[in-house]
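Structural features, examined
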Amino acid sequence: MKAPLVIAVLPGDGIGPEVMNAGLEVLKALAKTRPALQFEWRHFTGGAQHYADTGNAFPEESMQALGQCDAILFGAIGLPDVRYPNGTEISTQIDIRDRYELYAGVRPVRAMPNTPNVLADARAKAIDFTVLREQTEGFFYSRGKREVDEVGAYDHARITGRGCERLFNFAFRLARERKARGRQGKVTCVDKANVLTSMAYMREQFSKCAQKNPDIAVDYCYVDAMALNLVRKPWDYDVIVTENLFGDILSDLAGGLVGGLGLAPSGDIGDTHAMFQPAHGSAPDIAGRGIANPTAMILSCAMMLEWLGKKHKHPIATEAARLLEDAVHRAYAKRGLKPVELGGSDNTEAITRAVLDELAQGGTR
Ligand code: ATP
């Protein structure tokens, strides 16, 4: 029998703990019927409220202890009124990304059955692509390095050969996996190579990597054109790879194409560690009312299982990932779930219960 998978659980602020409970419930349900899939939970406290209470958002011992876990499950961190003395937000998730070099921000963008289509075109029902955002350098490189003089303020971008190589290798692997599942198998490099030296360098590195991956189609798009294309024809894309800030912006735009923030999962993946979290924030405006949509968190749990399955050659984890994702889709397709977020009346508990019921019944999409 495999050793239990050690999962770090960091619920955080606002609706973070509410959606985390939903995620843990479905993972425990999966483990209950599968003796080969067992978890050991390590609970961590941290975030903006913790900073307000103790003066430390996430203690160093906790940061170190995350490294001993097989994966990190993260709810949401940040509260509007809690700031560091320099005015910046408490963003422990970015600190964790930096510490464990979680360079690949994986944001799947998939239309959910029976949710309102933002785009009128019928093809919008089949939107299915992934935004892959670099997360350790790019235009976020200057984060925390305050540079201000009498003329103005400065932020620098940094694009390195190593950063490009590992990101683009990841992109091609992802496209190959998607191709094996019947998707296009294409990587689109998004940059601003017509204006910025760092971006021209990034494009060059991408071309080199593309030559080593001839089985995968490639194309290039400037970030401004991509903003337009994502609204005009998002179904053309498969894997979109880009630098940190562009990825931050485009993944929100992409998430908006397929419903609400409560539907968008994400993974922050490095070569040795990974963290999984809903793409949304702590939503303090709805916290404590039991109406947060837990779908993004539950789908993030499925991404975690998939990653653990690959990393630990654990076929039961891989199978559980697929079953969970299918159960979520069926919950929307068959039961017509309508989250409060999308104007319906299904609250956190109702959505979690629907997914649990679908899991119990089994079947495929
Ligand atoms: P951050 O900057 O921390 O990512 P944000 O400013 O983008 O956060 P969110 O906290 O994600 O903001 O919330 C944006 C809006 O989306 C809010 O109105 C919030 O209530 C709503 N929202 C976010 N997540 C959910 C969810 N899971 N269920 C329902 N509504 C949500």
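Residues numbered from 1 in each chain as written. Predicted model: local features only at pLDDT ≥ 70, side-chain atom pairs only at ≥ 80, totals over all residues. Heavy atoms only, no water.

**Thoughts on the sheet that holds strand S9 (residues 265-269)**
Stated precisely, the cut-off is as follows: Here, a strand pair is defined by DSSP locating no fewer than two bridges between the strands. Segments assigned H or I by DSSP are reported as helices when at least four residues long, segments assigned E as strands when at least two residues long, and all are numbered from the N terminus. The convention used is that axes are lines fitted to C-alpha atoms, helices contributing only their stretch in contact, and that angles between N-to-C directions extend from 0 to 180 degrees. Contacts are residue-level and defined by heavy atoms, with any inter-residue pair within 4.5 Å sufficient.
Read across the sheet, 10 strands follow the order S2-S1-S3-S10-S9-S4-S5-S8-S6-S7 without closing on themselves; strand pairing throughout is mixed. Sheet topology places strand S2 (39-43) and strand S7 (217-222) at the edges, where each strand pairs with a single neighbour. The sheet shows a mean angle of 20 degrees between the axes of neighbouring strands, direction not considered. Against the sheet, helix H4 (residues 92-99) touches strand S1 (5-12), strand S3 (71-76), strand S4 (104-110), strand S5 (128-134), S9 and strand S10 (274-278), its axis set at about 155 degrees to S10.

**Topic: the packing of helix H5 (residues 161-180) against helix H6 (residues 197-211)**
Pairs of packed helices are described in terms of their axes, by the angle between the two and the distance that separates them. Rules: Should an angle lie under 35 degrees it is considered roughly parallel, over 145 roughly antiparallel, and from 65 to 115 roughly perpendicular; all remaining angles are considered oblique. Each crossing gets its handedness from the near helix: less than a right angle anticlockwise from the far helix is left-handed, clockwise is right-handed. Note on residue categories: nonpolar means Ala, Val, Leu, Ile, Met, Phe, Trp, Tyr, Cys or Pro, charged means Asp, Glu, Lys or Arg, and polar means any other residue, Gly included.
For the pair H5 and H6, the least separation of the axes is 9 Å and the interaxial angle reads 45 degrees. Our classification of the angle between H5 and H6 gives oblique. As H5 packs across H6, the resulting crossing turns out to be right-handed. Side by side, H5 and H6 meet where Gly161, Cys164, Phe168, Asn169 and Phe172 of the first sit next to Tyr201, Met202, Gln205, Phe206, Cys209 and Ala210 of the second. Grouping the constituent residues of the contact of H5 with H6 by class yields eight nonpolar, three polar and no charged.

**Section: the site of the ligand**
Operational definition: Nearness of a residue to a molecule or strand requires only that one of the residue's heavy atoms be within 4 Å of it. We define a polar contact as two N or O atoms separated by no more than 3.5 Å, with the added condition that, inside protein, one atom must be a possible hydrogen donor and the other a possible acceptor, whereas residues neighbouring each other in sequence contribute only through side-chain atom pairs. Per-residue and other accessible areas follow the Shrake-Rupley method at a 1.4 Å probe size, with only the shown protein chains counted as cover for residues.
In the region of the ligand, the neighbouring residues are Ile15, Leu261, Gly262, His280, Gly281, Ser282, Ala283, Asp285, Ile286, Ala292, Asn293 and Glu341. One of the side-chain N or O atoms of His280 is found 3.2 Å from a nitrogen atom in the ligand. Within the contact set of the ligand, an oxygen atom lies 2.8 Å away from a backbone nitrogen or oxygen of Ala283. Relative to its unbound accessible surface of 620 Å², the ligand loses 63% to contact with the protein.

**A short note on the nonpolar core**
This is how the line gets drawn: Buried residues of nine kinds, namely Ala, Val, Leu, Ile, Met, Phe, Trp, Tyr and Cys, make up a nonpolar core once their side-chain atoms join them within 4.5 Å. Buried residues are those whose accessible area, probed at 1.4 Å on protein chains only, stays under 20% of the maximum for their type, while exposed residues exceed 50% and partly exposed ones sit between those limits. Bear in mind that the domain bounds are from an automatic or database domain assignment.
Counting residues in each nonpolar core, the largest one holds 90 residues, and the members touching the most others are Leu73, Ile127 and Leu324. It is helix H9 (residues 295-311) that contributes the most residues to this core, 10 residues altogether. Among the domains, domain 1 (1-100 + 280-365) and domain 2 (117-258) are the pair contributing at least three residues each to this core. In contact with Leu324, other than residues within four places in its own chain, are Val26, Leu30, Ile298, Cys301, Ala302, Leu305, Val355 and Leu359.

**Notes on empty space enclosed by the protein**
What counts here: A pocket, in this scheme, is an open set of points on a 1 Å grid over the protein atoms alone with protein on both sides within 12 Å along at least 5 of 7 lines, while a cavity is a set where a 1.4 Å probe fits but cannot get out; residues line either one if an atom lies within 4 Å of a point. Grid points are joined across faces, edges and corners, and a volume is the space filled by probe spheres set on the points.
All told, the structure shown has two cavities of 30 Å³ or more when counted by the stated rule. Looking at the largest cavity, its volume works out to about 50 Å³. Glu134, Glu137, Gly138, Ile159, Gly163, Cys164, Leu167, Phe168, Met202, Glu243 and Asn244 are the residues that line the largest cavity. Top contributing element to the lining of the largest cavity by residue count: H5, with four residues. In this model, the second largest cavity occupies a volume close to 30 Å³. Together, Leu66, Cys69, Asp70, Ala71, Ile72, Thr272, His273 and Ala274 line the second largest cavity. A class-by-class count of the residues in the lining of the second largest cavity yields five nonpolar, two polar and one charged.

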